[in-house]
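Below are the chains, spelled out letter by letter.
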Amino acid sequence: MLIRFFRWLLGYVKFSYIGGFREDFINDCYEQGIYLKNICVKNGELTAEAKIKTYKALHRIAFSHGGRVKIFKRKGFPFLLSPLNNRWGFFVGVLYLVFFVSFMGGFVWNITVSGNNRVTEVKIVDYLAKNGFKIGTRWDSIDKEQLEIAIMADFEDVAWISINKIGSTASIEINETVNKPKLVDNNKTTNVKAAKDGVIVRLEVLGGWAAVQEGEAVTAGDLLISGVRESEVDEKNHYTHAYGSVFAEVEDEISINISRNQDERISTYSKDYNSLFIFGMELPFYFQKDLGNAIEETDKTYLVINKYRLPIGIIKNHCDYFKTQTVSISDAELETLAKSELEKKKKEELAGCEILSEDVRIDMRDDGCTITGKYKYIQDIGEETELLFSK
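Residues numbered from 1 in each chain as written. Predicted model: local features only at pLDDT ≥ 70, side-chain atom pairs only at ≥ 80, totals over all residues. Heavy atoms only, no water.

A. Broad picture of the overall build of the protein chain. The number of helices and strands found in the protein chain is eight helices and 22 strands. Dimensions of the protein chain, computed from C-alpha atoms along their principal axes, come out at roughly 130 × 75 × 40 Å. For the protein chain, with 391 residues in total, the buried portion stands at 29%. Sequence separation of at least 24 residues holds for 67% of the intrachain contacts in the protein chain that already meet a minimum separation of 6. With the model as given, the accessible surface of the protein chain reaches about 26,400 Å², and the carbon-plus-sulfur share is 52%. Across the protein chain, 50 positive and 57 negative side-chain charges occur, with their mean positions spaced 21 Å apart. (Helix = DSSP H or I, 4+ residues; strand = E, 2+ residues; numbered from the N terminus. Buried < 20%, exposed > 50% of the residue type's maximum accessible area, 1.4 Å probe, protein only. Contact = heavy atoms within 4.5 Å. Areas by Shrake-Rupley, 256 points an atom, 1.4 Å probe, with all protein chains shown as cover. Lys, Arg positive; Asp, Glu negative; His and termini not counted. Charge placed at Lys NZ, Arg CZ, Asp CG, Glu CD.)

B. Layout of the pattern of salt bridges. For the structure on display, the rule yields 15 salt bridges. Here lysine 339 and glutamate 335 are joined by a salt bridge, their closest N and O atoms 3.1 Å apart. Pair noted here: lysine 339 and glutamate 335 are both in helix H8 (residues 331-349), with a separation of four residues, about one helical turn. Its relative accessible area of 43% is what places lysine 339 among the partly exposed residues. Aspartate 363 is the salt-bridge partner of arginine 361, the closest N and O atoms lying 3.8 Å from each other. Aspartate 363 sits in the partly exposed class, given a relative accessible area of 37%. Overlapping salt bridges, with partners in common, bring together Arg118, Asp157 and Glu176 in one network. (Salt bridge = Lys/Arg side-chain N within 4 Å of Asp/Glu carboxyl O.)

C. Spatial organisation of the layout of surface pockets. Here the largest pocket defines a volume of roughly 510 Å³. If you trace the largest pocket, you find 19 residues lining it, with Val125, Ile135, Phe277, Lys300 and Tyr302 closest to the centre. Looking at the lining of the largest pocket, the elements with two or more residues in it are helix H6 (121-130), strand E17 (281-284), strand E18 (294-305) and strand E19 (308-328). Among the elements that make up the lining of the largest pocket, the one with the highest residue count is H6 (five residues). Residues that form the lining of the largest pocket fall into these classes: ten nonpolar, three polar and six charged. For the second largest pocket, the calculated volume is near 290 Å³. Taken together, 16 residues line the second largest pocket, and the ones lying closest to its centre are Arg7, Tyr35, Lys37, Ala50 and Lys51. (1 Å grid on protein atoms, 1.4 Å probe; cavity = no way out; pocket = protein on both sides within 12 Å on 5 of 7 lines; lining within 4 Å. Points joined across faces, edges and corners; volume = space filled by probe spheres on them. Nonpolar A, V, L, I, M, F, W, Y, C, P; charged D, E, K, R; others polar.)

D. Molecular detail of the packing of aromatic side chains. Scanning the model with the defined rule gives five aromatic pairs in all. Between tyrosine 17 and phenylalanine 25, the ring centres sit 4.2 Å apart and the planes meet at 10 degrees, which makes this aromatic pair stacked. Ring geometry for phenylalanine 133 against tryptophan 139: centres 6.1 Å apart, planes inclined by 75 degrees, an arrangement best described as edge-to-face. We note arginine 202 situated over the ring of phenylalanine 247; from NZ or CZ to the ring centre the distance is 4.0 Å. Here lysine 300 stacks its cationic end above the ring of phenylalanine 277, 5.9 Å away from the centre of that ring. (Phe/Tyr/Trp six-rings, centres within 6.5 Å; stacked < 30°, edge-to-face > 60°. Lys NZ or Arg CZ within 6 Å of the ring centre and 35° of its normal.)

E. Focus on unusual backbone geometry. Notably, asparagine 38 is not glycine yet its phi reads approximately 50 degrees, a positive angle. Mapped onto the secondary structure, asparagine 38 falls in strand E2 (residues 37-42). A residue is classified by how much of its surface remains accessible, and asparagine 38, at 54% relative accessible area, is exposed.

F. Here's a closer look at the confidence of the model for the protein chain. Here the protein chain averages 84 in pLDDT, while 92% of its residues score no lower than 70. Strand E21 (residues 368-380) holds the highest mean pLDDT among the elements of the protein chain, 93, whereas helix H4 (residues 77-81) holds the lowest, 69. (pLDDT = per-residue confidence, 0-100.)

G. Quick look at the environment of glutamate 148. On the secondary structure map, glutamate 148 appears in helix H7 (residues 144-154). For glutamate 148 and isoleucine 161, which are 13 residues apart along the polypeptide, the C-alpha to C-alpha distance reads 6.0 Å. Not counting the four nearest positions on each side in its chain, glutamate 148 is found in contact with Ile161, Ser162 and Ile163.

H. Summary view of the side chain of arginine 260. Here arginine 260 lies in the loop between strand E15 (243-259) and strand E16 (261-278). Looking at arginine 260, its side chain comes within polar contact range of the main-chain oxygen of arginine 365, at 2.8 Å. Non-local contacts of arginine 260, meaning those with residues more than four positions away in its chain, are made with Val327, Ser328, Ile329, Ser330, Asp331, Leu334, Arg365, Asp366, Asp367 and Gly368. (Polar contact = N/O pair within 3.5 Å; in protein donor to acceptor, adjacent residues only side chain to side chain.)

Written as structure tokens, this is what we have:
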């Protein structure tokens, strides 16, 4: 198979020998170092194959033996190029294309991230860009090992990362850390005390001894689970790491002051700024961008061929410009704003709590209002405190 390929690469011709003495013609060819292939005699006509550079000598040998040769088929790579003999621009273009592809292959033109769940692709790509690794960067200018170590050091959720070169694509493979369960340090003696006032509704003692019962009212600082117990047998204190959950019914309130004078954004106009992104360069389609107050949205659309994203695309920046002015809002608007702010505060402070009831009151004033929410909810009020012993 390899020999046939090299014969095709160098080129050969199929010819016929007509008239004359066939045996003398063949013998004379071998004596002069011309080796014929696939010799065949059919209907009194000899056919064979010869290399391109030896074919011209066959005319003289055939004539000396009273015959003549005639080509009936040409095969090989040289004959494919023969129509382009006077078209040097084609060869220059091919060489330029090979050089261009080889040169551009030394740059990063695409970045993909896989294996990430908690860490977003945007965060990884932005971090790489801040450290000099972005589209248009030369591969040989990147210290991949140092960059991988830096990412693992700065991202707690990244346990392992590998930056792989696949053509002109940087394939970022990530393995994220596995959340480990909280370990209990049994070498420490602790108590569980109440962080808030409340009425105990449920006890889940995982270590230590319960110091309260369900239905008992407690105040902040009261002992809930003890890590110290006096033995009735040997009259000695036994120490352990007290931990668990103590759920209590808690009453609390959240109060917020809202000013009547509020800053309001008034939209003035919108404008789109488009750019051509090509091989790491951004070519704007505009002369100057307005730098006023604006809410900007950016969208990048890349050219994709056979699911492969090319480093060519359009960047669309949509800007909504606005001005800010102070306005005095009505009572209805003030009430709506106050309830919205209270809802945000409630979600922050009472996250994970089971809310049993709530009572919201609004006190209106000329300059604003005060909104107060009184809540009754169930929450784990236990917090561990370590017991320190003097030696």
